[in-house]
Amino acid sequence: MLSVLRLLFNPLLRLARNKDVLDHNAGGKARMEGRGAAAAAVEQAPVLPRRESRRLPDFLHSVNIKYVKLGYHYLITHLLALLLIPLMVVILLEAAQTDPDDLRQLWLHLQYNLVSVLVCSAFLVFGATVYIMTRPRPVYLVDYACYRPPPKLQVPFQRFMKHSQLSGEFNESSLEFQRRILERSGLGQETCLPSALHYIPPRPSMAYAREEAEDVMFGALDTLFRNTGVKPKDVGILVVNCSLFNPTPSLSAMIVNRYKLRGNIKSFNLGGMGCSAGVISIDLARDLLQVHRSTYAIVVSTENITQNWYFGNRKSMLIPNCLFRVGAAAVLLSNRTADRRRAKYKLVHVVRTHRGADDKAFRCVYQEQDEAGKVGVSLSKELMAIAGEALKINITTLGPLVLPISEQLLFFAILVAKKLFNGKVKPYIPDFKLAFDHFCIHAGGRAVIDELEKNLQLRPEHVEASRMTLHRFGNTSSSSIWYEVAYTEAKGRMRKGHRVWQIAFGSGFKCNSAVWQALRSVKPSPDGPWEDCIHRYPVEIVDGFPQPPQEQ
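Residues numbered from 1 in each chain as written. Predicted model: local features only at pLDDT ≥ 70, side-chain atom pairs only at ≥ 80, totals over all residues. Heavy atoms only, no water.

(A) Structural detail: the UniProt feature "active site" (unreviewed entry) in the protein chain. Mapped onto this numbering, the UniProt entry annotates "active site" (unreviewed entry) at C275, H354, H438, H442, H471 and N475. You can see H442 is positioned in the loop between β9 (438-441) and α15 (446-455). Not counting residues up to four positions away in its chain, the partners in contact with H442 are C275, V448, I449, N475, S477, S480, I481, E484, I503, A504 and F505. With residues near it in sequence (within four places) discarded, N475 still touches C275, L323, F324, R325, H442, A443, G444 and L470. (UniProt positions renumbered as here; feature names shortened; annotations may be inferred. Helix = DSSP H or I, 4+ residues; strand = E, 2+ residues; numbered from the N terminus. Contact = heavy atoms within 4.5 Å.)

(B) Layout of the pattern of salt bridges. Across all of its chains, the model carries 24 salt bridges by this definition. As a salt-bridge pair, E190 and R472 come within 3.8 Å of each other at their nearest N and O atoms. Taken as a pair, E190 in the loop between α7 (172-183) and α8 (206-228) and R472 in helix α16 (residues 464-473) lie far apart in primary sequence, 282 residues in all. Owing to a relative accessible area of 3%, R472 belongs among the buried residues under this scheme. When the shortest N-O distance is used, the salt bridge between E464 and R493 registers 3.0 Å. In this pair, E464 sits in helix α16 while R493 sits in the loop between α17 (480-490) and β10 (499-506), placing the two residues 29 residues apart along the sequence. By relative accessible area, R493 is classed as partly exposed at 32%. Each of the salt bridges in this network shares a partner with another, and the network as a whole consists of D283, R286, D287 and R352. (Salt bridge = Lys/Arg side-chain N within 4 Å of Asp/Glu carboxyl O. Buried < 20%, exposed > 50% of the residue type's maximum accessible area, 1.4 Å probe, protein only.)

(C) Just the packing of aromatic side chains, in detail. Enumeration over the complete set of coordinates arrives at 17 aromatic pairs. Arranged with centres 4.9 Å apart and planes meeting at 25°, the rings of F436 and W501 form a pair that is stacked. Of this pair, F436 sits in the loop between α14 (405-420) and β9 while W501 is found in strand β10, placing the two residues 65 residues apart along the sequence. As far as burial versus exposure is concerned, F436 and W501 are alike and both buried. Chaining the aromatic ring pairs together yields one cluster made of F473, Y483, Y487, W530 and Y537. Over the ring of Y199 we find R203; its NZ or CZ atom is 3.7 Å from the centre of that ring. If you follow R472 out to its NZ or CZ, it ends over the ring of F473, 4.6 Å from the centre. (Phe/Tyr/Trp six-rings, centres within 6.5 Å; stacked < 30°, edge-to-face > 60°. Lys NZ or Arg CZ within 6 Å of the ring centre and 35° of its normal.)

(D) Spotlight on the nonpolar core. Formed by 126 residues in total, the largest nonpolar core has its most connected members in M217, I255, L333, Y345, W482, W501 and W516. No other element matches the ten residues that helix α13 (residues 383-402) contributes to this core. The residues contacting L333, other than those within four sequence positions of it, are V139, Y140, L141, I282, A285, L289, T295, Y296, A297, V299 and W516. (Core = buried A, V, L, I, M, F, W, Y, C linked by side-chain atoms within 4.5 Å.)

(E) Representation of the pairing of strand β8 (residues 375-379). Pairing geometry for strand β7 (residues 365-369) and β8, over five bridges, is antiparallel. Each bridged residue has a counterpart across the sheet, and for Y366 the counterpart in β8 is S378. Connecting the antiparallel pair β7 and β8 is a turn made up of five residues, with G373 showing a positive phi of about 85°. (Pairing = 2+ DSSP bridges.)

(F) How the structure looks around the side chain of E484. Mapped onto the fold, E484 is located in helix α17. Lacking a salt bridge, the buried E484 has R467 as its closest oppositely charged neighbour, with an N-O distance of 11 Å. (Lys, Arg positive; Asp, Glu negative; His and termini not counted.)

(G) Spotlight on the sheet that holds β10. Sheet architecture is open: nine strands sit in the order β3-β2-β4-β5-β1-β6-β11-β10-β9, paired in mixed fashion. The open sheet has two free edges, formed respectively by β3 (266-270) and β9, since each of these has just one partner strand. Mean inter-strand twist for the sheet, computed between neighbouring axes without regard to direction, equals 20°. Relative to strand β11 (residues 510-518), strand β6 (residues 345-354) runs antiparallel, the two sharing nine bridges. Bridging from a neighbouring strand, R352 pairs with N512 of β11. α17 rests against β1 (140-146), β5 (328-334), β6, β9, β10 and β11 of the sheet, and its axis sits at about 100° to β1. (Axes fitted to C-alpha atoms, helices over the stretch in contact; angles between N-to-C directions.)

(H) Structural view of the side chain of E464. Since its relative accessible area comes to 12%, E464 is described here as buried. Side chain to side chain, E464 and R493 meet in a polar contact 3.0 Å long. Discounting residues that sit within four places of it in the chain, E464 has contacts with Y487, K491, R493 and P538. (Polar contact = N/O pair within 3.5 Å; in protein donor to acceptor, adjacent residues only side chain to side chain.)

Spelled out as structure tokens, the structure:
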């Protein structure tokens, strides 16, 4: 028994003796790095004018410690597993160094001590049972598919402006405003609108809206089922999100009817949740997969434009006309262990931030009638500032889950120092490039991508997928983050172990993040959205204008 005690406590005593030395060295290094980073920040920090109410706020000015605590709370929930793994490693190392005579004596002792054997066995069985019962089931992304609209639905700028003029619904000021927005939007000449808006005058009827929904959802699902070989009857969970079109029967019921899904399927239809609803749907599907064993879940993310085109002259409502385009994505998730071998990604984290308790945030993206009674979605002038606040909260919570321990310690130490010295210490914004290999920022518009690139200190290659998705497909709402993942795959950049950060914003106001890890070097699936055009990308975009390719 004495040898068992030595086996357990000797490594702990050695760790305790070395703690002071390690802390001293780590503290000195952190102080030197902190002073160097602070000096570099002072030398390089540009002096900006104070009039950025319509832009994302500078994250260096304020970080709320309560959201840091929330992130660390998520971390602490898995603390037992994090502590047991190194403890077991230390015990095994110590056992390897133990004298064979001590091990022989321990074996002889246990042979004649049935109580000790039973207690140890019960402890091991209990611990293994608790671990197996409480650990979350892994969720795998088997594959996904994005809808690729046919060329006949493309709307070059000239056609867009001509149809807007011929419709007779817009005055000269509104037409000029739309022209300026289009030119600087970052959209290309191949984005698509539904067939109802190609008529003169447009036909925003319920029949055409249903036709648009069927085209995009069934187009993506047909490709998904064809590529994966999964039978529709094997799907046990269905989650559909579409913010502005919610007919009866629902969109999820349309899918159940089309593919003859089984009668006990758990189906959900999310509406009114904006462009971040795709991540919300993934989160809902993940929770359901924790309850229902050995099944598939399908998430369909789309938006419907046909009945939500604005035919008025209020400028804050005209912006969605210029940015939103046709698109949809269908994602196949699984909690089956056997699917790990063929899955593309594993879901690592989902972090959701909701600012709906704040009145300005609640109304910054708001569907309403204008003075003439025409319905549209109004975008507030404070939208960028509100989005920045939601993003700041989201990444502050996400940081402890994904950042290297060195970044976490430096960030937390400077944050505590800032609280102690009444804000005189400049906050440190962690380098998320150390945590992620690919960034899929919702392609909501050029300004959103520009501001996130600046505030997160990203390089142009980190936002390339977002810019090119906006250029080729426009703002496809909640499905845009999947077009961006598809772009990265089509470029052959997704390697085993790479981490992908999907981040999206939506009405309410919400900012949601999903983190995925590639289980293999991922190649694009057949019939992908970039299959016919990836060779032309990336294109250079300067101030929203695509530049012609340079001659060699």
